[in-house]
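# Structural description and commentary
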Amino acid sequence: MIASSCRSLFNFRVGRVLKFTCTSLKPLNHHLPLPGHCDYRVLSYSVNMDGRKHKRSGVHHNNKKLNPVWRPVSKLSTQVSSNEECSALEVTDKLACSSTKISSAQDDIEMASAVPEATKFTTCSSASQDNEEDKGSEGETVLLTEKHSISVEVGASLHRFIRGKGGSTQKMIEDETGVKIKIPLSKKEDSIIIEGLSSESVSRASEKIQAIIDEAVKSPSLDYSHFISLPLAIHPELVDKLVNFQNSILGITDSSQGENLDSGSNEDEDQKLKKGSDVAVELKAEPSKSPTLSDLGIEKSIFIKPKTFHLTVLMLKLWNKDRVHAATEVLQSISSEVMEALDNRPLSIRLKGLNCMRGSFAKAGVLYAPVEEIGNEGRLLRACQVIIDAFVKAGLVLEKDANQKLKLHATVMNASHRKRRNQKRNFSTFDARGIYKQYGSEDWGECLIREAHLSQRFVFDDKGYYHCCASLPFPEICK
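Residues numbered from 1 in each chain as written. Predicted model: local features only at pLDDT ≥ 70, side-chain atom pairs only at ≥ 80, totals over all residues. Heavy atoms only, no water.

### Section: the overall build of the protein
Each helix and strand counted, the protein has 15 helices and 17 strands in total. The 479 residues of the protein split such that 38% are buried. A separation of at least 24 residues holds for 74% of the contacts in the protein among residues at least 6 apart in sequence. Working note: accessible area of the protein is about 29,200 Å², and carbon and sulfur atoms make up 51% of it. (Helix = DSSP H or I, 4+ residues; strand = E, 2+ residues; numbered from the N terminus. Buried < 20%, exposed > 50% of the residue type's maximum accessible area, 1.4 Å probe, protein only. Contact = heavy atoms within 4.5 Å. Areas by Shrake-Rupley, 256 points an atom, 1.4 Å probe, with all protein chains shown as cover.)

### Looking at the packing of aromatic side chains
Each aromatic ring pair is characterised by the separation of its centres together with the angle its planes make. Counted under the stated rule, the structure contains seven aromatic pairs. Relative to Tyr466, the ring of Phe227 has its centre 5.1 Å away and its plane inclined at 90 degrees; by these criteria the two rings are edge-to-face. Of this pair, Phe227 sits in strand S7 (residues 226-231) while Tyr466 is found in strand S17 (residues 466-473), placing the two residues 239 residues apart along the sequence. Here the aromatic residues Phe227, Phe460, Tyr465 and Tyr466 are joined through ring pairs into a cluster of three or more. Directly above the ring of Tyr224 sits Lys317, whose terminal nitrogen or CZ lies 5.2 Å from the centroid. Above the plane of the ring of Trp319 lies Arg323, whose end atom (NZ or CZ) is 3.8 Å from the centre. (Phe/Tyr/Trp six-rings, centres within 6.5 Å; stacked < 30°, edge-to-face > 60°. Lys NZ or Arg CZ within 6 Å of the ring centre and 35° of its normal.)

### What to know about the side chain of His310
In this fold, His310 is placed in strand S8 (residues 310-316). Accessibility expressed as a relative area gives 13% for His310, which makes it buried. In terms of polar contacts, His310 uses its side chain to reach the backbone carbonyl oxygen of Thr308, at 2.6 Å. Polar contacts involving the side chain of His310 include one to the side chain of Thr312, which spans 3.1 Å. (Polar contact = N/O pair within 3.5 Å; in protein donor to acceptor, adjacent residues only side chain to side chain.)

### Re unusual backbone geometry
Negative phi values dominate among residues other than glycine, just as trans dominates among peptide bonds. Positive phi is not limited to glycine here, since Asp343 has a value of about 60 degrees. Counting through the fold element by element, Asp343 comes out in the loop between helix H12 (335-341) and strand S9 (347-352). With a phi close to 50 degrees, Asn376 is a non-glycine residue in the positive phi region.

### What about the state of the cysteines?
Taken as a whole and judged by the stated rule, the model has zero disulfides. With no disulfide of its own, Cys468 lies closest to Cys469 among cysteine sulfurs, the gap being 6.9 Å. (Disulfide = S-S within 2.5 Å.)

### Some details on the sheet that holds strand S4 (residues 148-153)
If you trace the three strands from one edge of the open sheet to the other, you get S4-S6-S5, paired in antiparallel fashion. Every other strand in the sheet has two partners, leaving S4 and strand S5 (180-182) as the edge strands with one partner each. Between one strand axis and the next, the sheet turns by 20 degrees as a mean value, whatever way the strands run. Sheet analysis places S5 next to strand S6 (residues 191-196), joined by three bridges and oriented antiparallel. Looking at S6, one finds that Lys180 is bridged to Glu195. (Pairing = 2+ DSSP bridges. Axes fitted to C-alpha atoms, helices over the stretch in contact; angles between N-to-C directions.)

### Considerations on the sheet that holds S8
Read from one edge to the other, the open sheet built from four strands follows the order S8-S7-S16-S17, with strand pairing classed as antiparallel. The sheet is open, and its two borders are formed by S8 and S17, each paired with just one other strand. Strand-to-strand twist across the sheet, computed as the mean angle between neighbouring axes with direction ignored, equals 30 degrees. Across the face of the sheet, helix H11 (residues 321-333) comes into contact with S7, strand S16 (451-460) and S17 while running at roughly 30 degrees to S17. Contacting S7, S8 and S16, helix H13 (residues 379-393) crosses the sheet at an angle of about 20 degrees to S8.

### Examining the side chain of Glu299
Note that Glu299 resides in the loop between helix H10 (293-296) and S8. Judged by its relative accessible area of 6%, Glu299 falls in the buried class. A polar contact is formed between the side chain of Glu299 and the side chain of Ser301, at a distance of 2.5 Å.

### Description of the pairing of S17
Regular strands place side chains that alternate from one sheet face to the opposite one. Bridge analysis of S16 against S17 gives seven bridges, and the strand direction is antiparallel. Its bridge partner being in S17, Gln456 is matched across the sheet by His467. Counting the residues that bridge the hairpin from S16 to S17 gives five residues, and of these Gly464 lies at a positive phi of roughly 95 degrees.

### A closer look at the packing of helix H5 (residues 168-177) against helix H6 (residues 199-218)
Helix packing geometry: the angle between the two helix axes and the distance between the axes. Running from amino to carboxyl end, H5 crosses H6 at an angle of 150 degrees, the nearest separation of the two axes being 9 Å. Taken together, H5 and H6 sit at an angle that is classed as roughly antiparallel. H5 and H6 meet at a crossing whose hand is right-handed. On the side of H5, the interface is formed by Thr169, Ile173, Glu176 and Thr177, while H6 contributes Ser201, Arg204, Ala205, Lys208, Ile209 and Ile212. Its residues assigned to classes, the contact of H5 with H6 comprises four nonpolar, three polar and three charged. (Parallel < 35°, antiparallel > 145°, perpendicular 65-115°, else oblique. Left-handed = near helix turned anticlockwise from the far one by under 90°. Nonpolar A, V, L, I, M, F, W, Y, C, P; charged D, E, K, R; others polar.)

### Focus on the nonpolar core
Counting 70 residues, the largest nonpolar core has Leu232, Phe245, Phe391 and Met413 as the members making the most contacts within it. In this view, Leu232 contacts Leu238, Phe309, His310, Leu311, Ile349, Leu351, Ala410, Cys447 and Ile449; residues no more than four positions away in its chain are not counted. Grouped together as the second largest cluster of nonpolar side chains are 20 residues, Val152, Phe161, Val179 and Ile181 included. (Core = buried A, V, L, I, M, F, W, Y, C linked by side-chain atoms within 4.5 Å.)

### Some details on H13
For H13, which comprises 15 residues, the first-to-last C-alpha distance of 21 Å matches the rise-based estimate of 21 Å (1.5 Å per residue) to within 8%. All of the buried residues along H13 are Arg379, Leu380, Ala383, Cys384, Ile387, Ile388, Ala390 and Phe391. Directly beyond the C-terminal end of H13, a positive phi value near 75 degrees is found at Gly395. (Expected span 1.5 Å × (residues − 1).)

Take a look at the structure:
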């Protein structure tokens, strides 16, 4: 009797207690709320395990009624906060396995079996991503370890030679050596970067680039960047005479136009000269006709800018900052030698007449005023030779320039300065016979040589003279 009562009470409590929820996880694919997380929907089933008959609608106890209920559960919610929760989950898992045996719905079994597959896929995918990141980071470390790079001080003026036409030269070096050459677009940056996977490839690329530089420096394609000058434009009387000389040839009567020879555009004036303007100086090539300035190859652009009037001692190609710095140090280091060559006394010169550098006056390339040293002691030539020898010794002078004999001259006209825009004919010379007839014996005056400059071409200071990188003063007072 007691045993029967206990058994009934046990069945009643089991029937009340062993109602559990069997969950089956289904991943959501329509959205990912947080990176690295996945949401799941949970299908909940209520199952009675007491074995009692139910009188609802005559449903037999072997055919269990399943009421699916969907509710969102975060993947992160699988963590438990206490041992009791862990135990409850273990009991639930075991009962869930039993319920799948009891349930006869094939869909439910398929849905339950899909849970480990989905979980496995997510885990593998995450692990795969982690492995990809690890491999990527390891690969990046290897690349950084194996990459070799050097910076080569080339000079902005030489970048075009390394790049080549359409980048052909650069591509050829990269293909042959397996490196990457980075050439800056800015003209203010001198260095290029060579990157490669080995020091040998970088070294071979550097050697090829150096060979290109050596060839370019010797070629006429690379213009002279600097020169040693003895400024004459610091003497206003010389500048005025040069302005009057140019005005008389060009037929300019307004002195203000002559003063703008070195600053304004030449296009408007050139157009006037093409039409055959009247000139103050008679320029006749043949007695039978009076040619225009355009016919003689004379235009405003070939005249030296008065504010840049100077004597040239030595032409230099300084294609990077290192060479400019070296040239500056050389000039400043020979001050005592130059002073000794000048006997520590002031030096004055006289400019008189006109002469042609090469060819004849009928086909002149450069017209200049010859230089005479006052006293004819040769001190000026000796001082200039000290300067030349120092630069040659420093390796800053091209071989062909080092072997040339010094000929001091004050250029007044140069055909190479001609502007070729809107020109139907390209004149490499001009007819200077009429100019020589008028100014062949011109006395330009005397002036004191005060200093020597390391001048930069195509760059000018606020007074209009060439930018001075370094200077060497000459004596102005007798000691």
